[in-house]
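What follows is the residue order along each chain.
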Amino acid sequence: MKVAVLGFGTVGVGVYEMLGQAEGLEQGTVLVRAGKNDAAFKRTSIEDIISDPEIWAVAEVMGGIEPAFSYASAVLKAGKHFVTSNKALVAEKGLELSKLAYENNAGFMFSAACGGAVPILHNLSLAVESDKILSISGILNGTTNYILDSMQRLGLDYEEALKDAQRLGYAEADPAADVSGMDALRKIMLACAVAYNMLPTEGLLNEGIENITAEDVKHFMVRGYTCRLMVRGGRTDESVYAYVEPVLFRAGAPECSVMQNNNMACYEGENSGRISIIGQGAGRYPTASAVLRDLSGILSGRKYMLRENCRAVKAENDKFKQLYYVRLPEAMASLIPAESVDVENKTARLITKPLSVQEMHSKAAEIRKNGGKIFFAEIGG
Ligand code: HSE
């Protein structure tokens, strides 16, 4: 079965190469930008792909919303299967694309958009058929894990570690999506859609790692904590919770052993218990392997990750309370209800009273609005 590839960057080249060796799949044409059509298998017009009756499926690995969305819509309307690694596309347009896919009896899969090679969406989409997913969590951004790990184990400062992550190709073209937690947030949105049949599109909260300093790292490391940027999602009565924030873990927690740019995706099934999968969340062949996994799935009859009636919901992040570690200016410390406060050089470091995710993120926004610099992290297991 011939597969066309949209985009011939890092992942596109990997997908194309792997198609040459995959059972039941064949290399089709590749869509490239005008001026880059320097080989017989390359095209610059999506029409050439849509109108080619030999093309059975299309793998989109170009990223961004447009033109990816227009191309995806045209592919699905033509009744061809569509597989993508594009998390922004699925987070924003996934429900529209899913509708088109069902209407045209075409497959729509996006394993590679969440966790790279780590088969979290694949496993969730199978698990929901026979188990109830109680919660989802994990480290789903390699760039921020690399930065945190480099700061904690190697003593690098933030800027140095970020530059390394960019040089090694882990970061997005604009690393703001990584360090702000936005990239990880899109991934938990997709995981909730697969696990709960609800795509949270409002009420989402993400705190990244842009505000962490080497001083913060020293401070919580001497207290035996390791920091990781975590996604969390799960059911509430009416909807789901879904958020991203730094979390401090005690030595020995499995999250502490996730080094460099690795991802760790976890879910808890009512019957399966906790399942954790660790592996490469980005890069040419790891991401391409997830695209190929979806294509093989379609070949064997598994065409969808989203159910036909999946709907958009507002996330509810105010349903449970937890403790936070917070660093902020001493003069603003009274704005946060605290169990304990340490003050040194006009900087307060405190452990909060139990706060909901919504409350903690709102307090941080208020402090920033008033010109205060704040770092906070949930105190995890
Ligand atoms: N920039 C992303 C990361 C790439 O660092 O995880 C994979 O989605």
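Residues numbered from 1 in each chain as written. Predicted model: local features only at pLDDT ≥ 70, side-chain atom pairs only at ≥ 80, totals over all residues. Heavy atoms only, no water.

**Section: the pattern of salt bridges**
By the definition in use, this model includes 19 salt bridges. Ionic pairing is found between Asp 216 and Arg 327, a salt bridge with its closest N-O pair at 2.7 Å. With Asp 216 in helix α10 (residues 214-221) and Arg 327 in strand β16 (residues 324-329), this pair connects stretches of sequence that are 111 residues apart. According to the relative accessible area criterion, Asp 216 is buried, its value standing at 0%. Residue classification places Arg 327 among the buried positions, given a relative accessible area of 9%. With a shortest N-O distance of 3.9 Å, Asp 318 and Lys 319 are connected by a salt bridge. Asp 318 gets classed as partly exposed once you look at its relative accessible area, which sits at 45%. (Salt bridge = Lys/Arg side-chain N within 4 Å of Asp/Glu carboxyl O. Helix = DSSP H or I, 4+ residues; strand = E, 2+ residues; numbered from the N terminus. Buried < 20%, exposed > 50% of the residue type's maximum accessible area, 1.4 Å probe, protein only.)

**Things to note about the packing of helix α6 (residues 142-153) against helix α7 (residues 158-167)**
α7 packs onto α6 with a crossing angle of 135 degrees between their chain directions and a minimal axis gap of 9 Å. With respect to α7, the axis of α6 lies oblique. In this structure, the crossing between α6 and α7 has a hand that is right-handed. On α7, the residues touching Thr 143, Tyr 146, Ile 147, Ser 150 and Met 151 of α6 are Tyr 158, Ala 161, Leu 162, Asp 164 and Ala 165. (Axes fitted to C-alpha atoms, helices over the stretch in contact; angles between N-to-C directions. Parallel < 35°, antiparallel > 145°, perpendicular 65-115°, else oblique. Left-handed = near helix turned anticlockwise from the far one by under 90°. Contact = heavy atoms within 4.5 Å.)

**Quick word on the layout of surface pockets**
When its volume is computed, the largest pocket comes out at roughly 750 Å³. In terms of lining, the largest pocket is formed by 35 residues, of which the most central are Val 11, Ser 85, Lys 87, Ala 171 and Glu 172. Counting residues per element, the ones that place at least two in the lining of the largest pocket are α1 (10-19), α4 (87-103), α6, α8 (176-179) and α9 (182-196). Take the lining of the largest pocket: its biggest share by element is 3 residues, from α9. (1 Å grid on protein atoms, 1.4 Å probe; cavity = no way out; pocket = protein on both sides within 12 Å on 5 of 7 lines; lining within 4 Å. Points joined across faces, edges and corners; volume = space filled by probe spheres on them.)

**As for the sheet that holds strand β3 (residues 42-43)**
If you trace the 6 strands from one edge of the open sheet to the other, you get β3-β2-β1-β4-β5-β6, paired in parallel fashion. Single-partner strands in this sheet number two, and they are β3 and β6 (108-109). As defined by bridge partners, strand β5 (residues 81-84) adjoins β6 across 2 bridges and the pair is classed as parallel. Residue pairing across strands places Val 83 opposite Met 109, the latter belonging to β6. Along the sheet, helix α3 (residues 68-77) makes contact with β1 (2-6), β2 (26-31), β4 (55-60) and β5, crossing β5 at roughly 150 degrees. (Pairing = 2+ DSSP bridges.)

**Comments concerning the packing of aromatic side chains**
Enumeration over the complete set of coordinates arrives at 12 aromatic pairs. Residues Phe 8 and Phe 41 carry aromatic rings whose centres are separated by 5.7 Å and whose planes lie at 65 degrees to one another, so their mutual orientation is edge-to-face. Of the two residues, Phe 8 sits in the loop between β1 and α1 while Phe 41 sits in the loop between β2 and β3, which places them 33 residues apart along the sequence. A relative accessible area of 26% places Phe 41 in the partly exposed class. Each ring, one from Phe 82 and one from Phe 108, has its centre 6.2 Å from the other, and the planes form 25 degrees; the classification is stacked. Within this pair, whereas Phe 82 is found in strand β5, its partner Phe 108 is found in strand β6, the two being separated by 26 residues in sequence. For the pair formed by Phe 82 and Phe 108, the shared burial category is buried. Of the aromatic side chains, those joined through ring pairs into one cluster are Phe 8, Tyr 16 and Phe 41. (Phe/Tyr/Trp six-rings, centres within 6.5 Å; stacked < 30°, edge-to-face > 60°.)

**Quick word on the nonpolar core**
Counting residues in hydrophobic clusters, the biggest one holds 101 residues, and the most contacted among them are Val 15, Phe 110, Leu 124, Ile 212, Phe 220 and Leu 295. No other element matches α9, which puts 11 residues into this core. Residues in contact with Val 15, not counting those within four places in the same chain, are Val 5, Ala 59, Val 61, Ala 288, Val 291 and Leu 292. Within the second largest apolar cluster, 18 residues are counted, among which are Tyr 243, Met 332, Ile 336 and Phe 376. (Core = buried A, V, L, I, M, F, W, Y, C linked by side-chain atoms within 4.5 Å.)

**A short note on empty space enclosed by the protein**
What the rule picks out here adds up to 1 cavity of 30 Å³ or more. Taken together, the elements giving at least two residues each to the lining of the largest cavity come down to α4 and α9. Across the lining of the largest cavity, the residue classes break down as 7 nonpolar, 1 polar and no charged. (Nonpolar A, V, L, I, M, F, W, Y, C, P; charged D, E, K, R; others polar.)

**Regarding the site of the ligand**
Near the ligand the following residues occur: Lys 87, Asn 141, Gly 142, Thr 143, Tyr 170, Ala 171, Glu 172, Asp 178, Asp 183, Lys 187, Gly 281 and Ala 282. Between the ligand and Asp 178 there is a distance of 2.8 Å, counted from a nitrogen atom to a side-chain nitrogen or oxygen. When the ligand is considered free in solution it has 260 Å² of accessible area, and contact with the protein chains removes 91% of it. Counting atoms within 2 Å of the grid points, the majority share of the ligand lands in the largest pocket. Where the shell around the ligand is concerned, the elements lending two or more residues are α6 and α9. (Near = heavy atom within 4 Å. Polar contact = N/O pair within 3.5 Å; in protein donor to acceptor, adjacent residues only side chain to side chain. Areas by Shrake-Rupley, 256 points an atom, 1.4 Å probe, with all protein chains shown as cover. Sits in = over half its atoms within 2 Å of the grid points.)

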